[in-house]
Amino acid sequence: PKTIRNDRNQTSEDINIVLNHLLKKGLKEPFFLLLNYNNQRNTEGIIEQAIETMKKKGLFENSIFLFCPDHAAPDENRNPYERHDLMLKDANLLSPFFIQWPGCPKKIVNRLISTLDIVPTILDLLQLSSEDYNLKGNSILPLITGDGEYTQSKFRVDCRYIFQKERRVCIRGKEFKYITYLDKPPGKNEEFFDLSNDPDEKNNLILSEKYLDKIQ
């Protein structure tokens, strides 16, 4: 709609306008809606508005509702020239995830998952097989329902600037993190952090013999 502001701070009312505009078109069920917005200060209000609008339309109780940001909130005191899409610290990697479906139990899960798990999870909810799609992720339903097992414990994160410039790769486990910088020379291109003892990732242990087996 032309009434929506095209800036970095959409409001809950903007979300209400967009949803009503889309839903009044009489979309044929089942349908998929992707709502992409920018707002760092009123996320809860925007989610509440989206849910309320869906409920008023009689759609919420028959929908899979999912919220996931593209990144978290990096330290405001960081180098102003350091782009957030090149940051591999937990302050930028660990973002919230919310999912709701008819009959979904209310539960808080304190466990690392990946955005690659989203599609397998939706297919699992729809009782569709993901074996034919060569998907990299895993369904997270076992973490929520307790039926089955979610075994993924390490996750790879890739980031880069335009045309592969400043490409970086991270392996994040439960307690450790390994980072390699593909644009830096050997000896300066690796980092390893013990997150259980150094959550702020200030002490690079890549040369520590104590962690050699984990690094390898």
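Below, the structure is looked at part by part. Owing to the predicted nature of the structure, the values given are computational and were not obtained by experimental measurement.

Describing the overall build of the protein chain
Thinking step 1. A count of helices and strands for the protein chain gives six helices and six strands.
Thinking step 2. Listed N to C, the secondary structure of the protein chain is α-α-β-α-β-α-α-β-β-β-β-α in terms of helices and strands.
Thinking step 3. Counting the 216 residues in the protein chain, one finds 31% classified as buried.
Thinking step 4. Here the analysis covers contacts within the protein chain between residues at least 6 apart in sequence; of these, 43% occur between residues at least 24 apart.
Thinking step 5. Here the protein chain has roughly 15500 Å² of accessible surface; of this, 49% comes from carbon and sulfur atoms.

Topic: the sheet that holds strand β6 (residues 190-194)
Whenever strands of a sheet pair, they do so through backbone hydrogen bonds, lying parallel or antiparallel.
Thinking step 1. Pairing in this open sheet of four strands is antiparallel, and the strands run β3-β4-β5-β6 from one edge to the other. With one partner strand each, in any of the chains shown, β3 (155-159) and β6 form the two edges of the open sheet. Each strand of the sheet is rotated relative to its neighbour by a mean of 15°, with strand direction disregarded.
Thinking step 2. Where β3 lies against strand β4 (residues 168-172), five bridges are found, and the strand directions are antiparallel. What sits directly across from Asp158, in β4, is Val169.

Things to note about the environment of Phe60
Thinking step 1. By secondary structure assignment, the location of Phe60 is in the loop between α2 (43-56) and β1 (65-67).
Thinking step 2. Along the primary structure Phe60 and Pro102 are separated by 42 residues, whereas in three dimensions their C-alpha atoms are 8.3 Å apart.
Thinking step 3. Those residues within four positions of Phe60 in sequence are excluded, and the remaining contacts are Ile51, Met54, Lys55, Phe65 and Gln100.

A short note on the packing of helix α1 (residues 12-23) against α2
Thinking step 1. As a packed pair, α1 and α2 sit with axes 8 Å apart at the nearest point and diverge in direction by 30°. With respect to their mutual orientation, α1 and α2 come out roughly parallel. In this structure, the crossing between α1 and α2 has a hand that is right-handed. Together, Ser12, Ile15, Asn16, Leu19, Asn20 and Leu23 of α1 and Gly45, Ile46, Gln49, Ala50, Thr53 and Met54 of α2 make up the contact between the two elements.
Thinking step 2. Residue classes in the contact of α1 with α2 are distributed as six nonpolar, six polar and no charged.

Here we look at the nonpolar core
Across soluble globular proteins, nonpolar side chains show a tendency to be buried alongside one another.
Thinking step 1. The biggest cluster of nonpolar side chains holds 13 residues, and the ones touching the most others in it are Ile15, Tyr37, Ile47 and Phe65.
Thinking step 2. Looking at this core element by element, the count peaks at five residues for α2.
Thinking step 3. With sequence-adjacent residues up to four places away left out, Ile47 is seen in contact with Tyr37, Phe65 and Phe67.

Observations regarding the pattern of salt bridges
Thinking step 1. By the definition in use, this model includes five salt bridges.
Thinking step 2. For Arg156, the salt bridge goes to Asp158, with nearest N and O atoms at 2.8 Å.
Thinking step 3. Owing to a relative accessible area of 52%, Arg156 belongs among the exposed residues under this scheme.
Thinking step 4. In this structure, Lys177 and Glu201 form a salt bridge, with 3.1 Å as the shortest nitrogen-oxygen distance.

Observations concerning a nonpolar patch on the surface
Thinking step 1. A surface patch of nonpolar side chains, amounting to about 200 Å² of accessible area, comprises Leu27, Phe31 and Leu33.
Thinking step 2. When you line up the elements, Leu33 lands in the loop between α1 and α2.

Some thoughts on the pairing of β4
Thinking step 1. For β4, the tally of buried residues reaches four of five residues, placing the bulk of the element in the interior.
Thinking step 2. Two elements, β4 and strand β5 (residues 176-181), share five bridges in a ladder whose sense is antiparallel. By the bridge assignment, Cys170 is partnered in β5 with Ile179.
Thinking step 3. The hairpin turn running from β4 into β5, its antiparallel successor, is three residues long.

Here is what the cut-offs are and how they apply
Going along each chain's sequence as written, the residues are numbered from 1 onward. Since the coordinates come from a predicted model, pLDDT governs what is reported: local features require at least 70, and pairs of side-chain atoms require 80 or more to be given and counted, while whole-chain, interface and lining totals use all residues. Remark: hydrogens and water are excluded; side-chain values derive from all non-hydrogen atoms of the structure. Strands here are runs of E lasting at least two residues and helices are runs of H or I lasting at least four, both read from the DSSP assignment and numbered beginning at the N terminus. Burial here depends on accessible area, computed with a 1.4 Å probe over protein chains only, as a share of the maximum for the residue type. Under 20% is buried, over 50% is exposed, and the range in between is partly exposed. Residue contacts are defined here by distance: any two heavy atoms, one from each residue, within 4.5 Å place the two residues in contact. Only the protein chains shown count as cover for residues, with accessible areas throughout obtained via the Shrake-Rupley method and a probe of 1.4 Å. Only strands that DSSP links by at least two bridges are regarded as paired with each other. Here the axes come from fitting lines to C-alpha atoms, over the contacting stretch only for helices, and the angles between their N-to-C directions go from 0 to 180 degrees. Working rule for angles: under 35 degrees goes down as roughly parallel, over 145 as roughly antiparallel, 65 to 115 as roughly perpendicular, anything else as oblique. Handedness of a crossing is defined here by the sense of rotation of the near helix relative to the far one, left-handed for an anticlockwise turn of less than a right angle and right-handed for a clockwise turn. Residues were grouped as follows: Ala, Val, Leu, Ile, Met, Phe, Trp, Tyr, Cys and Pro as nonpolar; Asp, Glu, Lys and Arg as charged; and all remaining residues, including Gly, as polar. In plain words, nonpolar cores are sets of buried Ala, Val, Leu, Ile, Met, Phe, Trp, Tyr and Cys residues tied together by side-chain atoms within 4.5 Å. In what follows, salt bridge is the name for a side-chain nitrogen of Lys or Arg lying within 4 Å of a carboxyl oxygen of Asp or Glu. Put simply, a patch holds well-exposed residues, over 30% relative accessible area, that have no salt bridge, with like charges counted together within 9 Å and Val, Leu, Ile, Met, Phe, Trp or Tyr side chains within 5 Å.

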